[in-house]
Amino acid sequence: MTSPSSAIAPLDTARIRADFPILGTLARGKPLVYLDNAGSSQKPRQVIEAITRYYESENANIHRGVHYLSERASELYEGTREGARRFFNARRAHEIIFTRGTTEGMNLVGAGFAQAILKPGDEVIVSTMDHHSVIVPWQQACIRSGAKIVAVPVTPEGELDIEAYVRLLNERTKMVALTWVSNALGTINPVRRIIEEAHARGAAVMLDGAQAAPHLAVDVQAVDCDFFVCSGHKMLGPTGVGVLYGKETWLDRLPPYQTGGGMIDMVTIEQSTWARLPAKFEAGTPDIAAVVGFQAALDYLEAVGLDAVAAHEHELVSYATERVAEVPGLRVIGTTPNKAGVLSLVMEGAHPHDIGTILDQEGVAVRAGHHCCQPLMRHYGLSSTARASFYLYNTREEVDVLVGALHKVREIFS
Ligand code: PMP
């Protein structure tokens, strides 16, 4: 395996870019400027090669065979579990559950709480800036259990109103489920404080780490969250794999989410008992190749260094914020200084989808829409924004191309 750029700040983006074959693509005849990283990141050669190698020489089903390949595949799969434990600093490997991604992890815990924990009159706190994959599973868990869902409001700058959060907490609060880093605004939420306040009142906290895990160093013991979820595809890894971290005491209290092969201890026609963690939550054949590829992504991020990635993105988003101010009629939604590499834009007289389409003609890939955050859009009186989101391989020159293309949008719509 070729090793990526060693840990340095500022990042050697030229060297990093050389690891990402897709970044050489021409889009609409122009060099691709990929700024939809909050949607999904691109993959380095090291990840692609790990998946190819797996299918060419290591593929078999895991945990069941006594033969060489099954042993090898199981070793790789469990190796990634240990790799993820180390990456997120979980106490034990069996506190790491492989899922399809953030959404599945959130549903797993939401369904478990609805079945085993929540009672009528209990309360669950989410926030107005949360992704639908936080809001909807917990809303449904509340509907099923008779609990009440309440949301922390957001300030005009796009921060959580922490005073209001503290007021919402009470002895009936059983769960606080929140986005660590907002995909629509870039806001990095003060999760340590949020968790301390919740724990002081006996409530559990589940963090949506979909936008945290790719962009900043995550230490689940240091923040002391009860659950944490993320998606491999947003952190240089393949689609089809995500991580649910849960404290052992919590995971032991929750019922299985899916049932079937691989998750049982003993089965009769009438009844079954469950396997221990982590197997209890991993029914059926998982996406083994994706899990294998995910380890290569974790290795890559570790070699570059998450602190260096965070600093690079902060520098890029600050530069981009400064430069887009030159474009008349353009407004940034989410203006807190403490933000990750996300720039949500609206332009007077131009629909975000038109912005996206015109940028695409210049080879610039952004996302236009509500970003699965309809309550947040409603809060700002918007239906959508055009969102540029940065990652470790993006450059200041690409920001310049973005700004040039935004000037073109302005010309067309003025
Ligand atoms: N939460 C946030 C903050 C996200 O950005 C996303 C992906 N856009 C998700 C959750 C859902 O992730 P996935 O679709 O990989 O399950």
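The model shown is predicted, which means the values in this text are computed figures rather than measured ones.

Participant: What am I meant to see in the confidence of the model for the chain here?
Facilitator: Should the pLDDT be low somewhere, the predicted coordinates at that spot are not to be read in detail. Looking at the chain, pLDDT values average 96 and 98% of them are 70 or higher. Confidence drops under pLDDT 50 across residues 1-8; counting only partners more than four residues distant or on other chains, this segment forms 25 contacts.

Participant: What's the story with unusual backbone geometry in this structure? I'm lost.
Facilitator: Leaving glycine out, the prevailing phi sign among residues is negative, and the prevailing peptide bond configuration is trans. Of note, the bond from leucine 277 into proline 278 is cis; its omega dihedral lies within 30 degrees of zero at 0 degrees. You can see proline 278 is positioned in the loop between β12 (272-274) and α10 (288-304). Its identity as a non-glycine residue notwithstanding, leucine 236 has a phi of 75 degrees, on the positive side. Mapped onto the secondary structure, leucine 236 falls in the loop between β9 (227-231) and β10 (242-246). One non-glycine residue, cysteine 372, adopts positive backbone phi at about 55 degrees.

Participant: Would you explain the sheet that holds strand β17 (residues 385-389) in this entry?
Facilitator: The strands making up a sheet associate through hydrogen bonds between their backbones, and the pairing can be parallel or antiparallel. In space, the 4 strands of this open sheet follow the order β13-β14-β17-β16, with antiparallel pairing throughout. In this open sheet, the two edge strands, each paired with only one partner strand, are β13 (330-333) and β16 (367-369). With direction set aside, neighbouring strand axes in the sheet form an average angle of 30 degrees.

Participant: How do you make sense of the pairing of strand β5 (residues 123-127) when you look at a structure like this?
Facilitator: Within a regular strand, the side chains alternate between the two sheet faces. Across the 5 residues of β5, 5 count as buried, placing the element largely inside the fold. Every second residue of β5 is oriented toward a common face, with Glu123, Ile125 and Ser127 on one face and Val124 and Val126 on the other, all of them buried. With 5 bridges joining them, β5 and strand β6 (residues 148-152) adopt parallel strand pairing. Bridged to valine 124 within β6 is isoleucine 149. What joins β5 to β6 is helix α5 (residues 132-145), and the crossover it makes is right-handed. Bridge count between β5 and strand β7 (residues 173-179): 3 bridges; the pairing is parallel. What sits directly across from isoleucine 125, in β7, is valine 176.

Participant: I keep staring at the side chain of glutamate 58 and nothing clicks. Help me out?
Facilitator: Within the secondary structure layout, glutamate 58 lies in the loop between α2 (45-57) and α3 (68-88). Here the side chain of glutamate 58 touches arginine 72 through a polar contact of 3.3 Å, side chain to side chain. With residues near it in sequence (within four places) discarded, glutamate 58 still touches Arg53, Leu69, Arg72, Ala73 and Leu76.

Participant: I would appreciate a short explanation of the pattern of salt bridges in the present structure.
Facilitator: Where side chains of opposite charge bring their charged atoms close, a pairing between them can arise. As enumerated under the stated definition, the model contains 28 salt bridges in all. Two residues, glutamate 326 and arginine 323, come together in a salt bridge whose shortest N-O distance is 3.0 Å. Here the residues in one salt-bridge network are Asp19, Arg45 and Glu49, joined through shared partners.

Participant: What's the story with the packing of helix α11 (residues 306-324) against helix α14 (residues 396-413) in this structure? I'm lost.
Facilitator: Any two packed helices are characterised by the angle at which their axes cross and by the distance between the axes. Viewed as axis vectors pointing N to C, α11 and α14 meet at an angle of 25 degrees, and their least axial separation amounts to 10 Å. Looking at the two axes, α11 sits roughly parallel to α14. Relative to α14, the crossing made by α11 is right-handed. For the pair formed by α11 and α14, the contact residues are Glu315, Leu316, Tyr319, Ala320, Arg323 and Val324 on the first element and Arg396, Val399, Asp400, Val403 and Leu406 on the second.

Participant: Would you take a moment to explain the domain arrangement of the chain for this structure?
Facilitator: As a measure of interface size, the accessible area lost when the parts come together is often cited. Partitioning the chain into domains gives domain 1 (13-43 + 305-413) and domain 2 (48-303). Taking only C-alpha atoms, the centre of domain 1 and the centre of domain 2 are 28 Å apart. Opposite the 41 residues of domain 1 that make contact, domain 2 presents 37 residues. Three residues, Lys43, Leu306 and Leu376, lead the burial of domain 1 against domain 2; their summed loss comes to 19% of the area buried on that side. At the boundary of domain 1 with domain 2, the tally comes to 0 salt bridges. There are 29 residue pairs in polar contact (both at pLDDT 80 or more) connecting domain 1 and domain 2. Listing elements by their share of the side of domain 1 that touches domain 2, those giving two or more residues are α11, β14 (342-347) and α13 (374-379). In the side of domain 1 that touches domain 2, the residues fall into 21 nonpolar, 14 polar and 6 charged.

Rules behind the numbers
- Residues numbered from 1 in each chain as written.
- Predicted model: local features only at pLDDT ≥ 70, side-chain atom pairs only at ≥ 80, totals over all residues.
- Heavy atoms only, no water.
- pLDDT = per-residue confidence, 0-100.
- Contact = heavy atoms within 4.5 Å.
- Helix = DSSP H or I, 4+ residues; strand = E, 2+ residues; numbered from the N terminus.
- Pairing = 2+ DSSP bridges.
- Axes fitted to C-alpha atoms, helices over the stretch in contact; angles between N-to-C directions.
- Buried < 20%, exposed > 50% of the residue type's maximum accessible area, 1.4 Å probe, protein only.
- Right-handed = clockwise from strand over helix to strand, strands pointing away.
- Polar contact = N/O pair within 3.5 Å; in protein donor to acceptor, adjacent residues only side chain to side chain.
- Salt bridge = Lys/Arg side-chain N within 4 Å of Asp/Glu carboxyl O.
- Parallel < 35°, antiparallel > 145°, perpendicular 65-115°, else oblique.
- Left-handed = near helix turned anticlockwise from the far one by under 90°.
- Domains from an automatic or database assignment.
- Buried area = accessible area lost by both parts, 1.4 Å probe.
- Nonpolar A, V, L, I, M, F, W, Y, C, P; charged D, E, K, R; others polar.

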